[in-house]
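Here are the chains, one letter per residue:
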Amino acid sequence: MSARGVTALAWSFPLPILSIPVTLSHPSLEKPVPKLMADSLKIRILVRPKAGILDPQGEAVRSALPALGFGGVGTVHVGRLIEMEVESTDEVDAMCRRLLANPTIEEYEWEVVG
Amino acid sequence: MRIGVTVFPGSNCDRDALYAVERMGAEPVELWHADADLKGVDAVIVPGGFSYGDYLRPGAIARFAKVMAPLEYFARSGGPVLGVCNGFQILTEAHLLPGALLRNTGMRFVCRRVRVRVEATNTPWTVLCEPYEELALPVAHNEGNYFADPATLARLEDEWRVVLRYLENPNGSANDIAGICNEGRNVVGVMPHPERVSDPVLGSDEGLRILRSVLAGARV
């Protein structure tokens, strides 16, 4: 649904006093984001807690799901997704090791997505 | 003695630390994150707060601030450095201290006074404490759960590098660790805030026992 469509829907709500104009203006709702750099590569980096390291965020989510009636969930781990545009992938590993992930507690993987 | 206190965008215990330095009877020196040198200070406190909004990970961005280059040089050449709370997190991110601080196991920000035991008095920041002295110090953190791999933990224990230990673990920290020091013992990181108990008007001045230690010669 386009952002304009959502706005129109909100305005067509029968009680004008409750019809708060909702404008969802996130670019992802409109169209694909054009690349800012010519000839660049789009990469997606996934950073997550190392196996065996306590993940309190994952644990909190795991225990919240049954509270909402969702059953059958075993383990949950919460990580971080980083998307970047780079000229070359030569230094992506170094970026991950030095800044984007903390190798003491996190592992990472990355892929070229566009 | 001149004691520097680093100030990053988002530091929020820097004023408390500067005040505590005055209470210690030393001269406080503000060290701005963009400073290229340490203004000739004799010791440095890296205070608590949320440097750079804790973006990415607590301390991950601050670790690359300009002032960190001279600070790392100072620390590696034996200068006394104390990291408190976010300061501890910054020092681990900068690899001046081993391990990392994970999210508290209870998933809650913990803000209360906890009892800790001084486990090592042979650091410049604890030399005035009695061995195994118990102190009540405030903690205020969301990521205070100390983690290191088993080999590093064993090494910290073998080398008596656990400086403070919780008597009541508030965050799930490994081996109840509240503070550690580096191999040279001059760099100490603690999660509790000694600067927040530096004046009887704040309820206690027990924190001064830690802070004043650095005045006692720094050589231990």
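For the structure itself, consult the block above.
Rules behind the numbers
Within each chain, residues carry numbers counting from 1 in the order of the written sequence. Working convention: letters from A go to chains and numbers from 1 go to ligands, in the order in which they are written. Per-residue local features of the predicted model are confined to residues with pLDDT of at least 70, and side-chain atom pairs are confined, for both listing and counting, to 80 or more; whole-chain, interface and lining totals are unaffected and use all residues. The side-chain quantities take in all heavy atoms of the structure and omit both hydrogens and water. In what follows, residue pairs with any heavy atoms lying within 4.5 Å of each other are defined as contacts. Buried surface area refers to the total accessible area, computed with a probe of radius 1.4 Å, that the two partners give up upon joining, counted for both partners together. Definition used for salt bridges: Asp or Glu carboxyl oxygen within 4 Å of a side-chain nitrogen of Lys or Arg. Each polar contact in these results corresponds to two N or O atoms within 3.5 Å; when the atoms are within protein, one needs to be able to donate a hydrogen and the other to accept it, and residues that are neighboring in sequence are counted only if both atoms are side-chain atoms. Think of it this way: any DSSP run of H or I at least four residues long counts as a helix, any run of E at least two long counts as a strand, and we number them from the N terminus. Only Asp, Glu, Lys and Arg are considered charged in this grouping, and only Ala, Val, Leu, Ile, Met, Phe, Trp, Tyr, Cys and Pro are considered nonpolar; every other residue, Gly among them, is considered polar. Strands are treated as partners if at least two bridges between them are detected by DSSP. Throughout, an axis means a line fitted to C-alpha atoms (over the contacting stretch in the case of helices), and angles, computed between N-to-C directions, take values from 0 to 180 degrees. Stacked, tilted and edge-to-face are the three classes assigned to paired rings of Phe, Tyr and Trp, where Trp is represented by its six-membered ring and a pair needs centres within 6.5 Å; plane angles under 30 degrees give stacked, over 60 edge-to-face, the rest tilted. Categorising residues by exposure relies on relative accessible area from a 1.4 Å probe, with only protein chains included: less than 20% of the type maximum marks a residue as buried, more than 50% marks it as exposed, and the intermediate range marks it as partly exposed. Patch members must show over 30% relative accessible area and no salt bridge, and they are joined within 9 Å when carrying like charges or within 5 Å when they are nonpolar side chains of Val, Leu, Ile, Met, Phe, Trp or Tyr. In this description, accessible areas are obtained by the Shrake-Rupley approach with a 1.4 Å probe, and a residue is regarded as covered only by the protein chains that are shown. Here the expected span of a helix is defined as 1.5 Å times the quantity of residues minus one. Here, the term nonpolar core denotes a set of buried Ala, Val, Leu, Ile, Met, Phe, Trp, Tyr and Cys residues that are joined through side-chain atoms within 4.5 Å. Here the arc refers to the directions that run from the helix axis out to each C-beta atom.

Enquirer: Whenever I open this one, the interface of chain B and chain A confuses me. Can you help?
Expert: The extent of an interface is frequently quoted as the accessible surface area lost upon association of the parts. Listed as interface residues are 14 residues of chain B and, on the opposing side, 15 residues of chain A. Approximately 1300 Å² of surface area, both sides summed, lies buried where chain B meets chain A, with 70% of it carried by carbon and sulfur atoms. Between the two partners, chain B and chain A, sit 1 salt bridge. Among the ionic pairs, B:Arg57 bridges to A:Glu106, the shortest N-O distance being 3.7 Å. The tally of links from chain B across to chain A stands at 4 residue pairs in polar contact (both at pLDDT 80 or more). Secondary structure elements with two or more residues in the side of chain B that touches chain A: strand S5 (100-102) and strand S8 (145-147) of chain B. In terms of residue class, the side of chain B that touches chain A is built from 7 nonpolar, 4 polar and 3 charged.

Enquirer: Explanation requested: the sheet that holds strand S2 (residues 80-86) of chain A in the structure shown.
Expert: The strands that make up a sheet are held in pairs by hydrogen bonds between backbone atoms, and each pair lies either parallel or antiparallel. Residues and elements named next belong to chain A. Reading across the sheet, the 3 strands line up as S2-S1-S3 and stay open at both edges, with antiparallel pairing between neighbours. One side of each edge strand has no neighbouring strand; the edge strands of this open sheet are S2 and strand S3 (106-112). When the angles between neighbouring strand axes are averaged without regard to direction, this sheet yields 20 degrees. As paired elements, strand S1 (residues 41-49) and S2 share 7 bridges and run antiparallel to each other. Residue pairing in the sheet places Ile43 in a bridge with Met84 of S2.

Enquirer: It is not clear to me how the packing of aromatic side chains should be interpreted in this structure. Could you clarify?
Expert: Here a ring pair, both rings aromatic, is described through the centre-centre distance and the interplanar angle of the planes. Residue and element names in this part refer to chain B. A full pass over the atoms with the stated rule returns 3 aromatic pairs over all chains. Relative to Tyr52, the ring of Phe8 lies with its centre 6.4 Å away and its plane at 55 degrees, an arrangement referred to as tilted. In this pair, Phe8 sits in the loop between strand S1 (2-7) and helix H1 (14-24) while Tyr52 sits in the loop between strand S3 (43-46) and helix H2 (68-76), placing the two residues 44 residues apart along the sequence. Given the relative accessible area of 2%, Phe8 is considered buried.

Enquirer: Please clarify how a nonpolar patch on the surface should be interpreted in this entry.
Expert: On the surface, a nonpolar cluster with roughly 300 Å² of combined accessible area is contributed by A:Leu68, A:Phe70 and A:Val73. Of note, A:Phe70 is situated in the loop between helix H2 (56-67) and S2.

Enquirer: How should I be thinking about the side chain of B:Arg161 in this particular structure?
Expert: Residue and element names in this part refer to chain B. Residue placement: Arg161 occurs in the loop between helix H4 (150-158) and strand S9 (162-166). When its relative accessible area of 7% is taken as the criterion, Arg161 is described as buried. With residues up to four places along the chain from it excluded, the contact list for Arg161 reads Pro98, Arg155, Leu156, Gly179, Ile180, Cys181, Asn182, Glu183 and Arg185.

Enquirer: Even after reading the chapter, I still don't get H2(A), so can you show me in this structure?
Expert: The periodicity of an α-helix, 3.6 residues per turn, causes residues three or four positions apart to be oriented the same way. With 12 residues, H2(A) ought to run about 16 Å at 1.5 Å a step, and its terminal C-alpha atoms sit 17 Å apart, in line with that. At the exit of H2(A) stands A:Gly69, carrying a positive phi of roughly 95 degrees.

Enquirer: Please clarify how the sheet that holds strand S11 (residues 187-190) of chain B should be interpreted in this entry.
Expert: Residue and element names in this part refer to chain B. Here 9 strands make up an open sheet; going across it, the order is S2-S1-S3-S4-S11-S10-S9-S6-S7 and the pairing mixed. One side of each edge strand has no neighbouring strand; the edge strands of this open sheet are strand S2 (27-32) and strand S7 (134-141). Each strand axis lies, on average, 25 degrees off the axis of its neighbour in the sheet, ignoring direction. Of the strands in this sheet, S3, strand S4 (81-84), strand S10 (177-181) and S11 touch helix H3 (residues 86-93), which is tilted by about 115 degrees from S4. With respect to the sheet, H4 is in contact with S9 and S10, its orientation differing from that of S10 by roughly 75 degrees.

Enquirer: Whenever I open this one, the environment of B:Met1 confuses me. Can you help?
Expert: Residues and elements named next belong to chain B. With respect to the helices, strands and loops of the structure, Met1 is situated in the segment before S1. On a C-alpha basis, the gap between Met1 and Val41 in space is 7.8 Å, while along the polypeptide they are 40 residues apart. In this structure, Met1 is in contact with Ala26, Glu27, Asp42, Ala43, Val214 and Leu215, ignoring residues within four places of it in sequence.

Enquirer: What's the story with the nonpolar core in this structure? I'm lost.
Expert: Proteins that are soluble and globular tend to have nonpolar side chains buried together. One finds B:Val44, B:Ile45, B:Val81, B:Tyr146 and B:Leu164 to be the most contacted residues of the largest nonpolar core, which totals 66 residues. Per element, the largest residue contribution to this core is 5 residues, and it comes from H1(B). Apart from the residues within four sequence positions on either side, B:Tyr146 is in contact with B:Phe88, B:Pro98, B:Gly99, B:Ala100, B:Leu101, B:Leu153, B:Leu156, B:Ser173, B:Ala174, B:Ile177 and B:Ile180. Of all hydrophobic cores here, the second largest spans 10 residues; its members include A:Ile43, A:Val47, A:Val92 and A:Cys96.

Enquirer: I'm lost on H1(B) in this one. Help?
Expert: All names here are of chain B. If you check which residues of H1 are buried, you get Asp14, Ala17, Leu18, Ala20, Val21 and Met24. For H1, the buried positions fall inside an angular range of 160 degrees around the axis, keeping them on one side. Turned more than 90 degrees from where H1 packs its buried face, Arg15 and Glu22 sit exposed. In the core, the buried residues of H1 are packed alongside S1, S2, S3 and helix H5 (207-211). Backbone geometry just after H1 places Gly25 at a positive phi near 95 degrees.

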